[in-house]
Amino acid sequence: MRQPVLSIIGTIYNQAKLAERTLDIWCRQDFDLPYEIIILDDGSTDETREMVRNFQDRYRGLIRYFFFDEPDHIRNCTLLFNTAVRRLMRSEIAVIQWYDRIPSTLKALRYLYGHHL
């Protein structure tokens, strides 16, 4: 996979059902340039891991998943974002909080990327 031009970063905690729809939309974007999805799991205890692994199998190389096994949902949210931005993302542009108010269009990345140029 080529170097991503855009990183979609989000934290997740016990939201497998909500995140599944969102992740499906992000994975199927009509976008010609390489991008990555970074999921920061703050210690989910539901089916989130399995759901993400299924997507990783279907979309090889697109999704990077990090599980933090010592969750502290109030303190860690900012820490997780800072970690992602400073150490994990490989692009210059990031879309943050990927599951909140996701656009339903499969052209969302074209729109978001175009406005950052």
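See the structure shown above.
Residues numbered from 1 in each chain as written. Predicted model: local features only at pLDDT ≥ 70, side-chain atom pairs only at ≥ 80, totals over all residues. Heavy atoms only, no water.

**Q** Where do I start with the environment of Asn-14 in this structure?
**A** Mapped onto the fold, Asn-14 is located in the loop between β1 (6-12) and α1 (16-27). For the pair formed by Asn-14 and Asp-42, sequence separation is 28 residues and the distance between their alpha carbons is 8.6 Å. Discounting chain neighbours no more than four positions away, the residues touching Asn-14 are Ser-44, Thr-45, Asp-46 and Thr-48. Among the polar contacts made by the side chain of Asn-14, one reaches the side chain of Tyr-13 at a distance of 3.3 Å. (Helix = DSSP H or I, 4+ residues; strand = E, 2+ residues; numbered from the N terminus. Contact = heavy atoms within 4.5 Å. Polar contact = N/O pair within 3.5 Å; in protein donor to acceptor, adjacent residues only side chain to side chain.)

**Q** What am I meant to see in α1 here?
**A** An α-helical segment advances 3.6 residues per turn. Residues three or four places apart therefore align on the same side. If you check α1, its first and last C-alpha atoms are 16 Å apart, about what 12 residues at 1.5 Å a residue would give, namely 16 Å. Taken together, the buried positions of α1 are Ala-16, Ala-19, Thr-22, Leu-23, Ile-25, Trp-26 and Cys-27. (Expected span 1.5 Å × (residues − 1). Buried < 20%, exposed > 50% of the residue type's maximum accessible area, 1.4 Å probe, protein only.)

**Q** Would you explain the packing of α1 against helix α2 (residues 48-58) in this entry?
**A** Each pair of packed helices can be summarised by the angle the axes make with each other and by the distance between the axes. With their axes 10 Å apart at the nearest point, α1 and α2 run at an angle of 15 degrees to one another. Relative to α2, the element α1 lies roughly parallel. As for the relative orientation of α1 and α2, their crossing is right-handed in sense. Along its contact with α1, which presents Ala-16, Ala-19, Glu-20, Leu-23, Asp-24 and Cys-27, the element α2 presents Thr-48, Met-51 and Phe-55. In the contact of α1 with α2, the residues fall into six nonpolar, one polar and two charged. (Axes fitted to C-alpha atoms, helices over the stretch in contact; angles between N-to-C directions. Parallel < 35°, antiparallel > 145°, perpendicular 65-115°, else oblique. Left-handed = near helix turned anticlockwise from the far one by under 90°. Nonpolar A, V, L, I, M, F, W, Y, C, P; charged D, E, K, R; others polar.)

**Q** What's the story with the pattern of salt bridges in this structure? I'm lost.
**A** Where side chains of opposite charge bring their charged atoms close, a pairing between them can arise. Applying the stated criterion across every chain, the model contains three salt bridges. As a salt-bridge pair, Glu-36 and Arg-64 come within 3.0 Å of each other at their nearest N and O atoms. Of this pair, Glu-36 sits in strand β2 (residues 35-41) while Arg-64 sits in strand β3 (residues 63-67), placing them 28 residues apart in sequence. (Salt bridge = Lys/Arg side-chain N within 4 Å of Asp/Glu carboxyl O.)

**Q** I'm lost on the nonpolar core in this one. Help?
**A** The nonpolar side chains of a soluble globular protein tend to be buried with one another. Leu-23, Cys-27, Tyr-35, Ile-37, Ile-39, Ile-63 and Leu-109 are the most contacted members of the largest nonpolar core, which has 21 residues in total. Looking at this core, the elements that each hand over two or more residues are β1, α1, β2, α2, β3 and α4 (108-116). It is α1 that provides the largest number of residues to this core, a total of four residues. Look past the residues within four positions of Cys-27 in its chain and what remains in contact with it is Tyr-35, Ile-37, Phe-55, Tyr-59, Leu-62 and Ile-63. In terms of nonpolar packing, the next biggest core, distinct from the first, is built from five residues, Ile-9, Ile-38, Leu-40 and Leu-88 among them. (Core = buried A, V, L, I, M, F, W, Y, C linked by side-chain atoms within 4.5 Å.)

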